[in-house]
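Each chain, written out:
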Amino acid sequence: MLLICPVHTPKFLTEQHLGVEAHIGRYDVLPNWEQYVPFVYGVHLPYANLNLAALDDAWRQRSIETLKTAIDTGCCYPVDRMVMHLMGIEALHGEVVGNYERMIEGIRAVADYAATKKIILCLENQALHMAHRKAYGSMAEEWFQIYTDVCRDNVMLTLDTSHAATGAATKESAQERFAYLYEYLKHPEWIGRVHWSDAKLTNREAFMCDMHLIPGEGDLPLDFHRAIKRLDVIKTLEQKRPEADVLRGLAFIEAI
């Protein structure tokens, strides 16, 4: 099943057999949200100003409680899993503000709460696109290590392909960049959700740039897109673009 952002008419969603992903605290508070409720088949938990790695106990605890409340809200939709950013900020403007172990324990606390609601958390790989911020989980190896270290039965992963491209863009040659992209697919059995976008790696445009292009609009390899398509999970086209662009993306996906 394919989902998109709730920016198009219910008529368009119905005609194209699309659902939407509810971003708690962002989309579900919009005045016209009620029209999208019947189309919700995905839930994205909030992440703005949250840090599960925070050395500041108040900031960290506030982050945990915010996520628990959002899980409660998300449970009104027909989903068995929710997308969650890692929210592991290690440094801001060169100042250390968090550490890895506190992030892992924070994710475990949220996962344990989600388990009481029979919800699977799908941890999203992070974009590498802010020079002033250092966060955990942008590179494939660390993303997988976080999954392993959290070690909870109700935790899986969300692969964001645009975020993956920002990690791959750190490699020097185009050949290395394209090769590294596939590192994010080394454990397909751990992936429970996908945010599907394109990006540009040949000329390294994705370096420090979370591009979120329509599939087929960038230069990520066709084989990579085909591998994404084969994943037996719900996928979200996470772009806010006109209907004509969405249709181009749908045509690309159908053709590959």
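Every chain is numbered independently, its residues counted from 1 as its sequence is written. Side-chain atom pairs in this predicted model are given and counted only at pLDDT of 80 or more, local residue features only at pLDDT of at least 70, and totals for whole chains, interfaces and linings cover all residues. Values shown for side chains rest on all heavy atoms present in the structure; no hydrogens or waters enter the calculation.

Asker: I'd like a rundown of the overall build of the protein, residues and numbers included.
Answerer: In terms of regular secondary structure, the protein is built from eight helices and 11 strands. For 256 residues, the compact-globule estimate of 2.2 N^0.38 gives 18 Å, and the C-alpha radius of gyration of the protein, at 18 Å, lies within 12% of that figure. By residue count, 54% of the 256 residues in the protein fall in the buried class. We call two residues in contact whenever any of their non-hydrogen atoms come within 4.5 Å of each other. If you take every contact in the protein between residues at least 6 apart in sequence, the share linking residues at least 24 apart comes to 71%. Approximately 11,200 Å² of the protein is accessible, and the part contributed by carbon and sulfur atoms is 53%. Under the DSSP-based scheme used, a helix requires at least four consecutive residues in state H or I and a strand at least two consecutive residues in state E, with every element numbered from the N terminus. Values of the radius of gyration come from C-alpha atoms, whereas the globule rule sets the reference at 2.2 Å times the count of residues to the power 0.38. The classification of residues rests on relative accessible area computed with a 1.4 Å probe and restricted to protein chains. Under 20% of the type maximum is buried, over 50% is exposed, and intermediate values are partly exposed. Accessible areas in this description were obtained via Shrake-Rupley with a 1.4 Å probe; residue shielding takes into account the shown protein chains only.

Asker: Describe the pattern of salt bridges, naming the residues involved and giving the relevant values.
Answerer: We count a salt bridge whenever a side-chain nitrogen from Lys or Arg sits within 4 Å of a carboxyl oxygen from Asp or Glu. Evaluation of the coordinates by the stated rule reveals 15 salt bridges. Of the charged contacts, one joins Asp72 and Lys117 as a salt bridge, the two residues approaching to 3.5 Å between their closest N and O atoms. Linking Asp72 in helix H2 (residues 57–74) with Lys117 in the loop between helix H3 (100–116) and strand E7 (120–124), this pair joins segments that are 45 residues apart in sequence. Exposure remark for Lys117: the relative accessible area of 36% places this residue in the partly exposed category. The partner of Glu90 in a salt bridge is Lys134, with the nearest N and O atoms 3.3 Å apart. Of the two residues, Glu90 is situated in strand E5 (residues 89–92) and Lys134 in strand E8 (residues 133–135); the sequence distance between them amounts to 44 residues. What you see here is one network of salt bridges that share partners, running through Glu217, Arg241, Asp245 and Arg248.

Asker: With reference to specific residues and values, describe H2.
Answerer: Expected span, for any helix, means 1.5 Å times one less than how many residues it has. Over its 18 residues, H2 extends 26 Å from the first C-alpha to the last, a length consistent with the 26 Å expected when each residue adds 1.5 Å. Next to the buried residues of H2 lie strand E3 (40–44), strand E4 (81–85), E5, H3 and E7. Counting of polar contacts relies on pairs of N or O atoms within 3.5 Å, with two restrictions inside protein: one atom must be capable of donating a hydrogen and the other of accepting it, and residues adjacent in sequence are counted only when both atoms are side-chain atoms. The residue sitting at the N-terminus of H2 and contributing the capping side-chain oxygen is Asp56; that oxygen lies 2.9 Å from the backbone nitrogen of Ala58.

Asker: Let's hear about the environment of Ile191: which residues, and what values?
Answerer: One can find Ile191 in strand E10 (residues 191–195). Accessibility expressed as a relative area gives 3% for Ile191, which makes it buried. Each C-alpha atom, one on Ile191 and one on Thr158, is 5.8 Å from the other, the two residues being 33 residues apart in sequence. The residues touching Ile191, leaving out its near neighbours within four places in the chain, are Met156, Leu157, Leu159, Tyr184, Leu185, Leu231 and Val233.

Asker: How would you summarise the pairing of E7 if you had to cite specific residues and measurements?
Answerer: The buried fraction of E7 amounts to five of the five residues, a majority that puts the element mostly inside the structure. Side chains of E7 alternate between two faces, with Ile120, Cys122 and Glu124 and Leu121 and Leu123 buried alike. Strands were regarded as paired on the criterion that DSSP finds at least two bridges between them. Sheet topology note: the E4/E7 ladder contains five bridges and is parallel. Counted as the bridge partner of Arg81 is Ile120 from E7. Both E7 and strand E9 (residues 155–160) contribute to a ladder of four bridges, which runs parallel. Within E9, the residue paired with Leu123 across the bridge is Leu157.

Asker: So, the nonpolar core: which residues are in play, and what are the values?
Answerer: When a protein is soluble and globular, its nonpolar side chains tend to lie buried together. To qualify as a nonpolar core, a set must consist of buried Ala, Val, Leu, Ile, Met, Phe, Trp, Tyr and Cys residues joined through side-chain atoms within 4.5 Å. By size, the foremost hydrophobic cluster in this structure holds 79 residues, and its most contacted members are Met84 and Ile146. Sort the elements by how many residues they give to this core and H3 lands first, with seven residues. Among all residues touching Ile146, those that are not within four sequence positions of it are Leu86, Tyr100, Met103, Ile104, Ile107, Leu123, Tyr136 and Gly137.

Asker: Talk me through the state of the cysteines; I want residue IDs and the actual numbers.
Answerer: Cysteine pairs can be linked by a disulfide, which is a covalent bond between their two sulfur atoms. A pair of sulfur atoms, both from cysteines and within 2.5 Å, is called a disulfide here. Per the stated rule, a full pass over the model turns up zero disulfides. Note on Cys151: no disulfide assigned, nearest cysteine sulfur contributed by Cys122 at a separation of 16 Å. Between Cys209, a cysteine without a disulfide, and Cys5, which holds the nearest cysteine sulfur, the sulfur-to-sulfur distance is 17 Å.

Asker: Before we move on, could you go through H3 and cite the residues and values that matter?
Answerer: Owing to its 3.6 residues per turn, the α-helix aligns residues three or four sequence positions apart on the same side. The first and last C-alpha atoms of H3 sit 25 Å apart over 17 residues, in line with the 24 Å expected at 1.5 Å per residue. Residues Tyr100, Met103, Ile104, Gly106, Ile107, Val110, Ala111 and Ala114 constitute the buried set of H3. The buried residues of H3 occupy an angular sector of 165 degrees when the element is viewed end-on, so they sit on one face. Exposed residues lying more than 90 degrees from the buried face of H3 are Glu101 and Thr116. Buried residues in H3 make contact with H2, E4, E7, helix H4 (140–150) and E9. Capping of H3 at its N-terminal end is provided by Asn99; its side-chain oxygen lies 3.3 Å from the backbone amide nitrogen of Glu101. Just downstream of H3, Lys118 is the residue with a positive phi angle, here 60 degrees. Note that the arc is defined by the directions from the helix axis to the C-beta atoms.

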